[in-house]
Amino acid sequence: MRNFLWIASTVLILASCNQQTVKTGYVNNTKVVSDYTEMKEAQEKWTKRNNEVRAELEGKAQQFQIEVQGYQNIMKSMSKSNREKKEQELMAKQQGLQREQQAKMQEIQKGSQKEIDSIIGKVKDFIKEYGKKNGYTYIYGDTEVSNILYGKEELDITEEIIKELNGKDSTATAKE
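Thresholds applied
- Residues numbered from 1 in each chain as written.
- Predicted model: local features only at pLDDT ≥ 70, side-chain atom pairs only at ≥ 80, totals over all residues.
- Heavy atoms only, no water.
- Helix = DSSP H or I, 4+ residues; strand = E, 2+ residues; numbered from the N terminus.
- Buried < 20%, exposed > 50% of the residue type's maximum accessible area, 1.4 Å probe, protein only.
- Contact = heavy atoms within 4.5 Å.
- Areas by Shrake-Rupley, 256 points an atom, 1.4 Å probe, with all protein chains shown as cover.
- Salt bridge = Lys/Arg side-chain N within 4 Å of Asp/Glu carboxyl O.
- Patch = residues over 30% accessible without salt bridge, like charges linked within 9 Å, V, L, I, M, F, W, Y side chains within 5 Å.
- Core = buried A, V, L, I, M, F, W, Y, C linked by side-chain atoms within 4.5 Å.
- Lys, Arg positive; Asp, Glu negative; His and termini not counted.
- Charge placed at Lys NZ, Arg CZ, Asp CG, Glu CD.

Trainee: Would you mind going over the overall build of the protein chain with me for this structure?
Mentor: For the protein chain, the count of helices and strands is five helices and two strands. Counting from the amino terminus, the protein chain carries its helices and strands in the arrangement α-β-α-α-α-β-α. Taking all 176 residues of the protein chain together, the buried fraction comes to 20%. Considering only contacts in the protein chain between residues 6 or more positions apart, those separated by 24 or more positions represent 83%. For the protein chain, the exposed area adds up to about 13,400 Å²; of that, 52% sits on carbon and sulfur atoms.

Trainee: Looking at this structure, I do not really get the pattern of salt bridges. What am I missing?
Mentor: Between side chains of opposite charge, a pair can form as their charged atoms come close. If you walk through the whole model with that rule in mind, you get 14 salt bridges. As a salt-bridge pair, glutamate 38 and lysine 122 come within 2.7 Å of each other at their nearest N and O atoms. Placement of the pair is glutamate 38 in helix α3 (residues 37–74) and lysine 122 in helix α4 (residues 80–133), with a sequence separation of 84 residues. The exposure class of lysine 122 is partly exposed, given its relative accessible area of 39%. Across the salt bridge formed by lysine 45 and glutamate 115, the nearest N and O atoms sit 2.7 Å from each other. In this pair, lysine 45 sits in helix α3 while glutamate 115 sits in helix α4, placing the two residues 70 residues apart along the sequence. Residue classification places lysine 45 among the partly exposed positions, given a relative accessible area of 43%.

Trainee: I'm lost on a nonpolar patch on the surface in this one. Help?
Mentor: A cluster of nonpolar side chains, Val22, Tyr138 and Tyr140, forms an exposed patch at the surface whose accessible area comes to about 320 Å². Inspection of the secondary structure puts tyrosine 140 in strand β2 (residues 138–142). On the basis of relative accessible area, tyrosine 140 is assigned to the partly exposed category, the value being 43%.

Trainee: What should I look at first to understand the nonpolar core in this one?
Mentor: General note: in soluble globular proteins, nonpolar side chains tend to be found buried as a group. Formed by 16 residues in total, the largest nonpolar core has its most connected members in Val32, Val123 and Ile161. Elements with a contribution of two residues or more to this core: α2 (29–35), α3, α4 and α5 (158–175). Per-element tally for this core: the top contributor is α4, with five residues. Leaving out residues up to four positions away in the same chain, valine 32 has contacts with Val27, Val123, Thr158, Ile161, Ile162 and Leu165.

Trainee: How do you make sense of a negative patch on the surface when you look at a structure like this?
Mentor: A cluster of like negative charges, contributed by Glu153, Glu154, Asp156 and Glu160, occupies part of the molecular surface. When you line up the elements, glutamate 153 lands in the loop between β2 and α5. Looking at glutamate 153, the relative accessible area reads 72%, which means it is exposed.

Right under this line is the structure:
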């Protein structure tokens, strides 16, 4: 009877160990996000927008410089009160241009950061669903600060994630 209990408990222990198979993998988060098609498109969009705004602001700055040079050419012929009035006007214009530049750059920064955060959220959700669908117990994220100091190369699922993420993205885009 003791042998039977010992054998039964050994079988139960082995069975419970077999049920707790742990499947792990890791991804290079930075690579996944940077190689994600939607992220590349967002970066291109915001870079283009930034360049457009900078060109617009440079045009305004050049116009302002022309106005300042025009003032400098005639300032000696102006009365003191007219010079002071014109200088105040020019300073106000310069401050307005600086405020406009700050506001537009902030707008671009906030817009791009909001979109990037949304894309990162999509990537996290995708990896979570990928893990569930493929039977992973854990998927670790390797970042620029190297959370993972060592991992077997066969556990690196970065390229699989990128392929599926971009494949999913392209099929979703094709349906729309």
